[in-house]
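# Breakdown of the fold
The chain contents come next:
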Amino acid sequence: MSAARSDPLLFFVNGKKVEERNADPETMLLSYLRDKLRLTGTKYGCGGGGCGACTVMVSRYQPRTKTILHFAATACLVPICQLHGAAVTTVEGIGNTKTRLHPVQERIAKANGSQCGFCTPGMVMSMYTLLRNKPWPSMEDIKEALAGNLCRCTGYRPIIDGYRTFCQEANCCQLNGNCGVNRESIPNGEEHNGSQDEPQLFDQGEFQPLDPTQELIFPPELILMAERKSPPETLSFCGERMSLLCPGSVEELLELKTKHPEAPLLMGNTHLGPSIKFKGVVHTLMISAFRVQELFEVRHTPEGVWVGAGCSLSELLSLLQKLISESPPEQSELFRALTKQLQNLGSQQVRNMASLGGHIMSAYPNSDLNPVLAAGNCKISVDSGSGRRELPLNQDFFVSFGKTLVKLEEIVLSVFIPFTTKGELVSALRHAPRKEAAFSTVTCAVRVLFSEGSSVVRDISVYYGGVGATTVKAEKTCQALLNKEWSEPILSQVYDTLLDELVLPPSAPGGKVQFRRVLTLTLFFKFYLEILHKLKHMGWISCEVPDKLLPLPSDIQPSVQHFQSVSNAQSSSDAVGRPIMHKAALSHATGEAVYCDDLPPVQGELYLALVTSSRAYAKIKQLDVSAALQMPGVVDVITAKDIPGKKVRTDFGHDEDLLAQTQVVCVGQMVCAVVADTKAHAKRGAAAVRVQYEDLPDPIFTIEEAIERSSYYEPRRSFERGNVAEALKSVDHVYEGGIYMGGQEHFYMETQSTLVVPVGEEREFHLYVSTQWPTSTQEAVAQTLSIPSNRVVCHVKRVGGAFGGKITKTAILTSITAVAAWKTNQAVRCVLERGDDMLITGGRHPTLGKYKVGFMNDGRIVAVDLEYYANAGCTADESPLIAEKMVLLMDNIYNFPHMRGFAGACRTNLPSNTSFRGFGVPQCLLVVENMVNDVAMKVGMPVDKVREVNMYRGPSITHYKMEFNPENLHLCWDECKRRCEYDARCRAVEQFNKENQWKKRGVAIVPIKYGIGFSEGFLNQGSALVHIYKDGSVLVAHGGTEMGQGVHTKMQQVASRELHIPISKIYINETSTGTVPNTCPSAASFGTDANGMAVKEACQILYQRLKPIMQKNPEGSWESWVNKAFFDKISLSATGFSRGPDSYVNWETMEGRPYSYFTYGVCFCEVELDCLTGDYRTLKTDLVMDIGRSINPCVDIGQIEGAFMQGLGLYTMEELKYSLSGLLYTRGPSQYKIPAVCDMPLSFNVYLLPNSENPNAIYSSKGIGEPGVFLGSAAFFAIKDAVSAARSDSGLSGPFSFDSPATPERACLATASKFTQKIPASKPGSFKPWALDI
Ligand SMILES: Cc1cc2nc3c(=O)[nH]c(=O)nc-3n(C[C@H](O)[C@H](O)[C@H](O)COP(=O)(O)OP(=O)(O)OC[C@H]3O[C@@H](n4cnc5c(N)ncnc54)[C@H](O)[C@@H]3O)c2cc1C
Ligand code: FES
Ligand code: FES
C-alpha cells in the first residue's frame, strides 16, 4: 500500500530554502546534498552511520521550549522526508576559502589535521556542532564529539591538537604551562611543545578567534511554521518503491498503524536504514512519527520519569544527567548506570538520531541499554488505538532476535525509568572491540537490593546482552544470590551458575565464544567489586575490601613534535625544510577539495554497479541478465563477452580476469556489471542478475590448507647467508616458534572511484580516477578497449587515501567501467559502496611466520631459519613481490651470522590481496621481532638487551651483500631510550604490576630498518613538466599522485627552492598521463625521491634559461624576468627526468642492491591492560625517526604518526572475518574496527633525528610513507609484555603463543587467569566455527 500523493517537503540548507515537490522517502540527505544540491563537501564513507564522513548539523525549533536544538547527524542515515521544518548546515555553509574561513576549518587545516582530506569535512562539522552548543568545550567534549569520525591518515593527534585550541583548560595549559589535565595517570608526563625556542608545527597565534555571532541564524520561517497553531495534518511522500506517511498527532499515528500494522515506524532510521541498505529489506510503506509531539514528552512522577519513546538517546542522556544532579544519589542509581552505557553507545551522531523507542524495539541481542532497562525494572507504555497497556521490560519482553512482545499494530509511546530506593544499587558494564563507537561484544547490568544496613541480597536482577539471540536474564544466578551475603564466597557459585545457564555453543554467530563466556564472568566480578565498594561507602559493611578497579586512563596529553628548523642563512622564499601545511588543507576543510565523485555529472552519464560471485570456487553455468534488463533505468549489462580487447589484466607477469568468464575463484569476484541511469537503479539491476553456479571441489581458504596442497604463486623466494644447519648444531639453545598475523583492510576513506568519459571522436577516452598509478590505469583501459594509449588520458586530481590499495585493483575497475562507456558511448561512473569495496578489493596479506632459532646464553642469535606464508588469495597480483620483500628485509636491524629465509605467496580462494603500505614488511618484521622476544624470554634477559646484542654495528653488509652504515639506527635507539626514559619506565611498570592484580602495564621498544625504493629498478624513475606562465605563476606536473602524503606540497617546495620563488607562485592542479607520461606508482615511499629529482631538474633547466635575463637586470622582479623571456622567445616550459637508482636483486647469486638506502626508526610504547576484559590503552608512544633532512616536517611527522596508527590498528584491533564458505563478514565500519580518537596514545611524541644526511635522495631527505606502520607493533609487544606479567601471576613463564592482532579477546585469553581457565577452548574439529582462521 502506498500513499497516493506527495506533499511538498520544506527545509533549509545553509540558510537557503529547499522545496522538494517529489521527495522520495528512500532518498537520504547525503545523496540529496551531493547529487541534487551539488554540495559535495559532505562525503560518503560507509553509508551506515559508522564513519562520520557525512556529518552535518541539523537544527530544529522546539515550540514547547522555544529553543533551537542543534545536533550532528550522519547524512547517510537521514531520510530527507524527516527534515520537513528543519535546517541543515553543511561544511559549505560555515565558511570557504573565497570569503571567510570558519575557525573550525582554519584550525584543523593549519594544525595539519588533514592529509587526504576526505574525513576533514565530517570532522569540521562534528566540531562545529559542538561549538554551536558549547563555545568553550572541555577536552572530554571534544573527544566525545569526534569519537564517531574516522580518519585513516592522520593518527588523530594533529586534529586533537588543532581543536584543543578551542578548549579553555587546554589553552590555559598551553599558555601558562599548567593544564588541568590529569598528568598522574600518564607515566613521565613529557613537557609538551611550549618552549619559545623549539620550532613549532603551527602557530596558534595565527588563528582567528571563534565569534559565535557570525553563525547562520535559524530560519525565522521555520519558527513560524513550527508555531502555527492549526492542527498539523498527515504529510505523505510517495517515492518509486516506497511511501512515507508522517502524521501530525498521536491519534493519526495510531489510526495509521492500525490500518497498516506491517508498516514500520521510522524514527532515527539507525536500525531501519542499515537494514534497508545492507540487507536489501524493502518496505513499501513506512510511518514516521517525527512530528508527533506526544512521543517526545517527558513526564515526571514521584516514582520516576516517563520518557517519550521518540526522544533521542542524546536527549535521554541529558535528561538523566539533569536528574542525577537534582536527585539524592540513592534515587539515581539506575540513571547513573544508564548514563554510563549511553555515553559509550555508538557515536554522538548516532545517539543524536537514534530514539529510545527505536532502540528498545530493534531488540539487538547486544543492545547496551536493554539489559539495564530490564534489570532496572523499567516498563513501556504501548498503544494500538484500542487502548493503552504497560509492559514490563523483562526477560519475557525480548522474544527472539529482533522481536519483542509489542504487537505489530502497537506503538511504544513512552518508557518508564524508576528512581531507585535506599539500598538498591545498579551497575552496568559493556565490552566492545573498540572503546568507543562500537557495538558491544558483551554487555551486562545488575540491580541489587540490600536489606537495610546489611550486605544481604534481598532482590537481584542480572541481565546480559551478547550471549544469545536476545537480552537474557541470568535467572538461576539471581536465585542463587537471594538472601546471600555480598562477599567473596558467593563468587564461585555465581561463576558456575552463570556458565551453566548462559550457554553459548562453540559455533554461535559472532564467534569469540570462549571470550564472551569469560566476559560473562569477569564483568560480574567487576560488578561484585563495584557493589562492594558502594556498600563500604554507604557504611553497610565494615570489612576490608579489595582495591577499586579504576577505568583505564583516558586523558590525552599535549604532544611533542621535535624537528630541526632550517638554518637562518636559508632564503625566506626557499620553502624546503619548513613546516608548511598541506597545500590543499584549507580546501579539504571547507569541502572545496574535489575528489573523483565530486565531479559534476557529464550529460547523459550512467552509473555502474557490479555483480559479484557468491561462490568461492565454481563454474558459471548460466548468467541470466534478462530480469535486470527489465528493471527501471537499466541501460545495459556488461559481461566478459563485451570486452573488445584483452579480457585480463596482466600485472608483473600474472593475469587476472577483468570479469569472470567461465568460473569464479572467490566470493566477491566481479562477474558482470549493470549500467543504469542512476546509482539506485544500477544497484537494483545488479541485484536482479541471476547466476547459476556449479561448485568445484575443495576450495582452499587457509594458509595451512595452501601449504598442505602446495598451492603457491611462483616464484617462491629463499635466501641463505652462512650455513644455518651447521650453526644450529653449535648453539646453546634451539627454539622453534611462530606467529600468525591477520590481514588488514585498506579502509581508505574514499572508496574506489572512477569516471570514464568517451570523447566521441577517434576512440578517445578521458578517465577521472582515484588511483595511485595513472599510467597503469591508462594502459589497462587501452588494452581492454584495444586502442592505443594515446587515445586515453587518465586524470587524478587527488585521492582520498590509498595505502597501496589503489594500484592494481583500480586499473581493473576502471577497465570494466571503460567497457561500459565504450559499449553505451556514454560517460559511466562507478563508485564502490564501502561493503563492495571491502569485499572485492582485498587488502594486506594474512601471514604465517615460523622460525627455528639458535642462540647463546648471552642472547646472541647465531642462526635463524625463517619461513613466511602469505595468504595471497585468488590471483597473484603483487603477492610474489610482497613475499620477495619479506625475504629481503628479514634481517631488520640484526646481524644474524647464519640466516635462511623462505617466503611463499599462497594461492587460495579468497579475494586477491594486494599491495598495502609496508608491502610485506609489517608481517615480515613482526615475525622477526617475535622471535627475538622469544629468545629473550628463553634466556631470561630483557628484550631490549637481546636486541642490542644482535644489532648491526659499524660498516655492515646485509644478507644480500648491500653495504650500509647503521650508525643512525643506533642514534635513534639511544635517543628513543633517552626520550622515553626507558629504564625508569621499566621500573615503574614493574612496580605497577606488583601492586595491581587485574591491571598490568607493559612496555616495548621496537626498531626498524626499512629499504626505500622499488627493488625493480625501472620503477624508480620520475618525470616532471614545469610551465612558467607570462604572469610569473608556475604550474608543476609530475608523476606522483596526491593521496594525502603531501607529495604535491613537497614538489612545490622543491620548485620554490630551484626557481628561487615563494611557494605561493607555484601550483599543481592534477596528475595526468597527458602531461607526464609513463609514470611509476606513487608507492614504496619513493614518490618524493623520484618525482622530486625530476621537478628539480625541470626547474633547474628553466632557471638556467632565465639566468642571463636576471643577470642583465638583477633589480627586476620574477614577473619581469619571465615576461622578458617570453618576448625573447625563450621557452618557459621544461621537462625533468630522474632515472632513480638501478636497484636489482640477483636471486641466483643471492646478492643485490634492492634499495636506494634505509630509513631507520625506533618506537617505544607503554600500555595498560585490563586483564579482565583484555581492553588496553596506549599510555605513551615515543617515536624517533631518521628521515634525513625533512623537506617538510609537518608532512613527514604526519606520515609517521598516521603510519604508526595504521600499524597500531593492524597489530592490535583490525580483524577480517570470513565465513566457512569464504564470504567476508566484516564489510563496513560497524564490523571492522580501525583506530578512532579513543585509540590515540595518550602521550604521542615524535622526534626527528637531527643532523642526519642522506646523499641518496633529494636534499638529503628520506622516504617515510611506509616505515612507521611496523612501529605500531610496539603496542603489540607492549600488550604482550603486560600479558606476560599477568601470566607470571598465574605461575607461567617463558615464550607463549600470541598472534596478531592483539585484540582484547586474544589478550584476555592469553592472561591465563582464573576466569579463562574455567572455560577451556572447544577442541578444533569438534564443532563448526563461525569464522575461518585464514
Ligand atoms: C553506527 C551505529 C552504531 C551503533 N552503536 C550501537 C551501540 O554501540 N550500542 C547499541 O546498543 N546500539 C548501537 N546502535 C543501534 C542503535 O542504538 C539503534 O539502531 C537505535 O537505537 C534504533 O533507534 P532508531 O530511532 O534509529 O530506530 P529506527 O531505525 O527508526 O527503527 C527501528 C525499529 O524500531 C521500531 N520502532 C521505532 N520506534 C518505535 C515506537 N515508538 N514504537 C514501536 N516501534 C518502534 C521501528 O518500527 C523499527 O522496526 C548503533 C547503530 C548505528 C547505526
Ligand atoms: S558515510 Fe555516513 S557515516 Fe559513513
Ligand atoms: S585525512 Fe582523514 S582520512 Fe585522510
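This one's a predicted model, so the numbers in the text were calculated from it and none came from an experiment.

So, on to the sheet that holds strand S8 (residues 265–266). Here we have four strands laid out as an open sheet, ordered S6-S7-S9-S8, and mixed in their pairing. One side of each edge strand has no neighbouring strand; the edge strands of this open sheet are strand S6 (235–238) and S8. Sheet topology note: the S6/strand S7 (residues 243–246) ladder contains four bridges and is antiparallel. Looking at S7, one finds that Cys 238 is bridged to Ser 243.

With the rule as written, the count across this model stands at nine cavities of 30 Å³ or more. Considering only enclosed or pocket space, the largest cavity measures out at about 660 Å³ in volume. Taken together, 48 residues line the largest cavity, and the ones lying closest to its centre are Ser 1082, Ala 1083, Ala 1084, Ser 1085 and Glu 1266. At four residues, helix H26 (residues 879–888) tops the list of elements feeding residues into the lining of the largest cavity. Residues belonging to the lining of the largest cavity are distributed by class as follows: 21 nonpolar, 17 polar and 10 charged.

Every one of the 30 residues lining ligand 1 counts as a neighbour, but Met 267, Thr 270, Leu 272, Ser 355 and Asp 368 are closest to it. Gly 268 places a main-chain nitrogen or oxygen 2.8 Å from an oxygen atom of ligand 1. One nitrogen or oxygen atom from the side chain of Ser 355 is found 2.6 Å from an oxygen atom belonging to ligand 1. Relative to its unbound accessible area of 980 Å², ligand 1 is 94% covered by the protein chains. Secondary structure elements with two or more residues in the shell around ligand 1: S8, helix H13 (356–362) and strand S16 (411–418). In terms of residue count, the dominant contributor to the shell around ligand 1 is H13 (five residues). Among the residues forming the shell around ligand 1, the class breakdown is 15 nonpolar, 13 polar and two charged.

We now examine the sheet that holds strand S19 (residues 457–465). A sheet is described by the order of its strands in space; here four strands give the open sequence S17-S18-S19-S20, paired in antiparallel fashion. Two strands bound the open sheet, and with one partner strand each, they are strand S17 (424–431) and strand S20 (472–473). Judged from the two bridges that link them, S19 and S20 form a sheet pairing that is antiparallel. Directly across from Tyr 464, in S20, lies its bridge partner Val 472. Packing of helix H11 (residues 333–344) onto the sheet brings it into contact with S17 and strand S18 (442–450), and relative to S17 it is tilted by some 10 degrees. The strands that helix H17 (residues 513–538) touches are S17, S18 and S19; relative to S17, the one it contacts most, it runs at about 145 degrees.

Turning our attention to helix H27 (residues 921–939). With 19 residues, H27 should cover 27 Å at 1.5 Å per step; its first-to-last C-alpha distance of 27 Å lies within 8% of that length. Along H27, 17 of the 19 residues are buried, which leaves the element largely enclosed by surrounding structure. Note on H27: the residue one or two positions beyond its end, Gly 940, has a positive phi of about 70 degrees.

Each aromatic ring pair is specified by the distance between its two centres and by the angle formed by the two planes. Taken as a whole and assessed by the stated rule, the structure comprises 34 aromatic pairs. Considering the side-chain rings of Phe 525 and Phe 1315, the 5.4 Å spacing of their centres and the 45 degrees angle between planes classify their relative orientation as tilted. With a gap of 790 residues between them, Phe 525 in helix H17 and Phe 1315 in helix H38 (residues 1314–1318) connect regions that are remote in the sequence. In this pair, the class of Phe 525 matches that of Phe 1315, namely buried. With centroids separated by 6.5 Å and ring planes inclined at 35 degrees, the aromatic side chains of Tyr 712 and Tyr 869 adopt a geometry described as tilted.

Before going further, it helps to spend a moment on the packing of helix H4 (residues 139–146) against helix H5 (residues 157–164). Taken N-terminus to C-terminus, the directions of H4 and H5 make an angle of 135 degrees; their axes are 11 Å apart at the nearest point. Relative to H5, H4 is oriented oblique. As H4 runs across H5, the sense of the crossing is right-handed. Within the contact between the two elements, H4 uses Met 139, Ile 142 and Leu 146 and H5 uses Ile 159, Ile 160, Tyr 163 and Arg 164. Residues belonging to the contact of H4 with H5 are distributed by class as follows: six nonpolar, no polar and one charged.

Counting residues in each nonpolar core, the largest one holds 230 residues, and the members touching the most others are Tyr 156 and Tyr 163. Tallying contributions element by element places H27 first for this core, with 11 residues. In this structure, Tyr 163 is in contact with Val 104, Arg 107, Ile 108, Met 123, Val 124, Met 127, Ile 142 and Leu 146, ignoring residues within four places of it in sequence. Membership of the second largest hydrophobic core comes to 44 residues, among which are Phe 450, Val 467, Leu 519 and Leu 1172.

The next point concerns the environment of Ile 541. Secondary-structure assignment places Ile 541 in the loop between H17 and strand S21 (561–562). Taking the C-alpha atoms as reference, Ile 541 lies 6.6 Å from Ser 455; in sequence the two are 86 residues apart. Here Ile 541 is in contact with Ser 455, Leu 532, Leu 535 and Lys 536, once residues within four sequence places are set aside.

With that settled, consider the state of the cysteines. Counted according to the given criterion, the structure contains zero disulfides. The thiol sulfur of Cys 672 is not disulfide-bonded, and the nearest other cysteine sulfur, from Cys 830, lies at 13 Å.

Moving on: the side chain of Arg 829. Summarising the element assignment, Arg 829 is placed in strand S35 (residues 828–831). Given the relative accessible area of 4%, Arg 829 is considered buried. Of note is the side chain of Arg 829, whose polar atom sits 2.8 Å from the backbone oxygen of Leu 599. Of note is the side chain of Arg 829, whose polar atom sits 3.5 Å from the backbone oxygen of Pro 600.

It is worth spelling out the packing of helix H31 (residues 1047–1059) against helix H32 (residues 1087–1112) at this point. Angle between the axes and distance between the axes: these two values describe a pair of packed helices. As a packed pair, H31 and H32 sit with axes 9 Å apart at the nearest point and diverge in direction by 30 degrees. Classified by the angle their axes make, H31 and H32 are roughly parallel. Of the two possible hands of crossing, H31 and H32 adopt the one that is right-handed. For the pair formed by H31 and H32, the contact residues are Val 1047, Lys 1050, Met 1051, Val 1054, Ala 1055, Glu 1058 and Leu 1059 on the first element and Gly 1087, Thr 1088, Asn 1091, Gly 1092, Val 1095, Lys 1096, Cys 1099, Gln 1100, Leu 1102 and Tyr 1103 on the second. Here the contact of H31 with H32 is composed, by residue class, of nine nonpolar, five polar and three charged.

Quick look at the pairing of strand S4 (residues 67–74) now. Pairing between strand S3 (residues 55–62) and S4: eight bridges, direction antiparallel. Within S4, the position partnered with Val 58 by the bridge is Phe 71. Taking the residues that link successive antiparallel strands as the turn, the S3-S4 hairpin has four residues, and the phi of Lys 66 there is positive, at about 55 degrees.

Let us now look at the pattern of salt bridges. Between side chains of opposite charge, a pair can form when the charged atoms approach closely. Under the counting rule described, the total for this entry stands at 77 salt bridges. Its salt-bridge partner being Asp 597, residue Arg 829 comes within 2.9 Å of it at the nearest N-O pair. One end of the pair, Arg 829, is in strand S35; the other, Asp 597, is in the loop between helix H18 (585–590) and strand S22 (606–612), and 232 residues separate them in sequence. On the basis of relative accessible area, Asp 597 is assigned to the partly exposed category, the value being 22%. Residues Lys 823 and Asp 636 are paired through a salt bridge, measuring 3.1 Å at the closest nitrogen-oxygen approach. You can see Lys 823 sitting in helix H24 (residues 808–824) and its partner Asp 636 sitting in strand S24 (residues 634–638), a full 187 residues away along the chain.

Rules of the game
- Residues numbered from 1 in each chain as written.
- Chains lettered and ligands numbered in written order.
- Predicted model: local features only at pLDDT ≥ 70, side-chain atom pairs only at ≥ 80, totals over all residues.
- Heavy atoms only, no water.
- Pairing = 2+ DSSP bridges.
- Helix = DSSP H or I, 4+ residues; strand = E, 2+ residues; numbered from the N terminus.
- 1 Å grid on protein atoms, 1.4 Å probe; cavity = no way out; pocket = protein on both sides within 12 Å on 5 of 7 lines; lining within 4 Å.
- Points joined across faces, edges and corners; volume = space filled by probe spheres on them.
- Nonpolar A, V, L, I, M, F, W, Y, C, P; charged D, E, K, R; others polar.
- Near = heavy atom within 4 Å.
- Polar contact = N/O pair within 3.5 Å; in protein donor to acceptor, adjacent residues only side chain to side chain.
- Areas by Shrake-Rupley, 256 points an atom, 1.4 Å probe, with all protein chains shown as cover.
- Contact = heavy atoms within 4.5 Å.
- Axes fitted to C-alpha atoms, helices over the stretch in contact; angles between N-to-C directions.
- Expected span 1.5 Å × (residues − 1).
- Buried < 20%, exposed > 50% of the residue type's maximum accessible area, 1.4 Å probe, protein only.
- Phe/Tyr/Trp six-rings, centres within 6.5 Å; stacked < 30°, edge-to-face > 60°.
- Parallel < 35°, antiparallel > 145°, perpendicular 65-115°, else oblique.
- Left-handed = near helix turned anticlockwise from the far one by under 90°.
- Core = buried A, V, L, I, M, F, W, Y, C linked by side-chain atoms within 4.5 Å.
- Disulfide = S-S within 2.5 Å.
- Salt bridge = Lys/Arg side-chain N within 4 Å of Asp/Glu carboxyl O.

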